Amino acid sequence: VSPKNALFFSDVLDAGRFALATRMNVMSGDQGDVVLVDVGSRQSVTLVRAGYAGRYVPPGYIVYARAGSMYGIRFDPTRRTVSARLRSTPMTWRS
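Residues numbered from 1 in each chain as written. Predicted model: local features only at pLDDT ≥ 70, side-chain atom pairs only at ≥ 80, totals over all residues. Heavy atoms only, no water.

1. Examining the packing of aromatic side chains
To be explicit about the condition: Pairing of aromatic rings covers Phe, Tyr and Trp, the last counted by its six-membered ring, and requires centre-to-centre distances within 6.5 Å; plane angles under 30 degrees mean stacked, over 60 mean edge-to-face, and any other angle means tilted. Numbered from the N terminus, helices here are DSSP runs of H or I no shorter than four residues, and strands are runs of E no shorter than two. Accessibility here uses a 1.4 Å probe with only protein chains present; expressed as a share of the type maximum, an area under 20% marks a residue as buried, one over 50% as exposed, and anything in between as partly exposed. Only when the NZ of Lys or the CZ of Arg is both within 6 Å of the ring centre and within 35 degrees of the ring normal is a charge said to sit over the ring.
A complete count under the given rule lists 2 aromatic pairs for this structure. Aromatic side chains Y56 and F75 sit 5.9 Å apart centroid to centroid with 70° between the ring planes, which places their arrangement in the edge-to-face category. Of this pair, Y56 sits in strand β5 (residues 52-57) while F75 sits in strand β7 (residues 69-76), placing them 19 residues apart in sequence. By relative accessible area, which is 4% here, F75 ends up buried. Both rings, one in Y64 and one in Y71, keep their centres 5.7 Å apart while their planes meet at 20°; by these two values the pair is stacked. One exposure class covers both Y64 and Y71, and it is buried. The side chain of R66 reaches across the aromatic face of Y71, ending 5.4 Å from its centre.

2. Observations regarding the environment of V39
Put simply, the test is: Note on contacts: a residue pair qualifies if any of its non-hydrogen atoms lie within 4.5 Å across the two residues.
Structurally, V39 can be placed in the loop between β3 (33-38) and β4 (44-49). Sequence separation between V39 and F18 is 21 residues; the distance between their C-alpha atoms is 5.4 Å. Beyond its immediate sequence surroundings of up to four residues, V39 is in contact with G16, R17, F18 and A19.

3. Section: the nonpolar core
Nonpolar side chains in soluble globular proteins tend to end up buried together. Quick reminder of the rule: Residue types Ala, Val, Leu, Ile, Met, Phe, Trp, Tyr and Cys, when buried and joined through side-chain atoms within 4.5 Å, form a set referred to as a nonpolar core.
In this structure, L20, L36, L47, I62, Y64 and F75 are the most contacted members of the largest nonpolar core, which totals 13 residues. Listed by contribution, the elements that provide at least two residues to this core are β2 (18-23), β3, β4, β6 (61-66) and β7. It is β7 that contributes the most residues to this core, 3 residues altogether.

4. Points about the pairing of strand β1 (residues 7-13)
We apply this condition: Following DSSP output, two strands are said to pair if at least two bridges run between them.
In terms of strand pairing, β1 meets β2 through 6 bridges, oriented antiparallel. From the neighbouring strand, F8 faces β2, where its bridge partner is T22. The antiparallel hairpin formed by β1 and β2 contains 4 residues in its connecting segment, where D14 sits at a positive phi of about 50°.

5. Considerations on the environment of F18
Mapped onto the secondary structure, F18 falls in strand β2. A relative accessible area of 7% places F18 in the buried class. In this structure the C-alpha to C-alpha distance between F18 and R42, which are 24 residues apart in sequence, comes to 9.2 Å. Apart from the residues within four sequence positions on either side, F18 is in contact with V12, L13, L36, V37, D38, V39 and R80.

6. Remarks on the pattern of salt bridges
Opposite charge on two side chains allows them to pair when their charged atoms are near. The following threshold applies: A pair is scored as a salt bridge if a Lys or Arg side-chain nitrogen falls within 4 Å of a carboxyl oxygen belonging to Asp or Glu.
Applying the stated rule across the entire model yields 4 salt bridges. Across the pair R17 and D14 runs a salt bridge whose closest N-O atoms are separated by 2.9 Å. The exposure class assigned to R17 is partly exposed, which follows from its relative accessible area of 48%. Of the residues examined, D14 reaches a relative accessible area of 39% and is grouped as partly exposed. The salt bridge partner of R49 is D33, with a shortest N-O separation of 3.5 Å. Of the two residues, R49 is situated in strand β4 and D33 in strand β3; the sequence distance between them amounts to 16 residues. Classification of R49 as exposed rests on a relative accessible area of 54%.

Right, here's the structure in full:
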């Protein structure tokens, strides 16, 4: 079975009405996209291109991976949209 366009779910939003998933475009996770899926209609919208393992972090961020690094992007859970799409920046971890 080809994984192309397969969805791998990573988080649930809005009491189960929506889910974050990675849509695999080819074999590598870095070639996937983070998408928001309307569970009822099964429609999806791409939030992040070339990313995977998206998770919602309150009060309004999507954290995702790309090329072994973690990134964050602003996400409006009411409108279900991202902003500053081109300005995602690597996250810095502190111990």
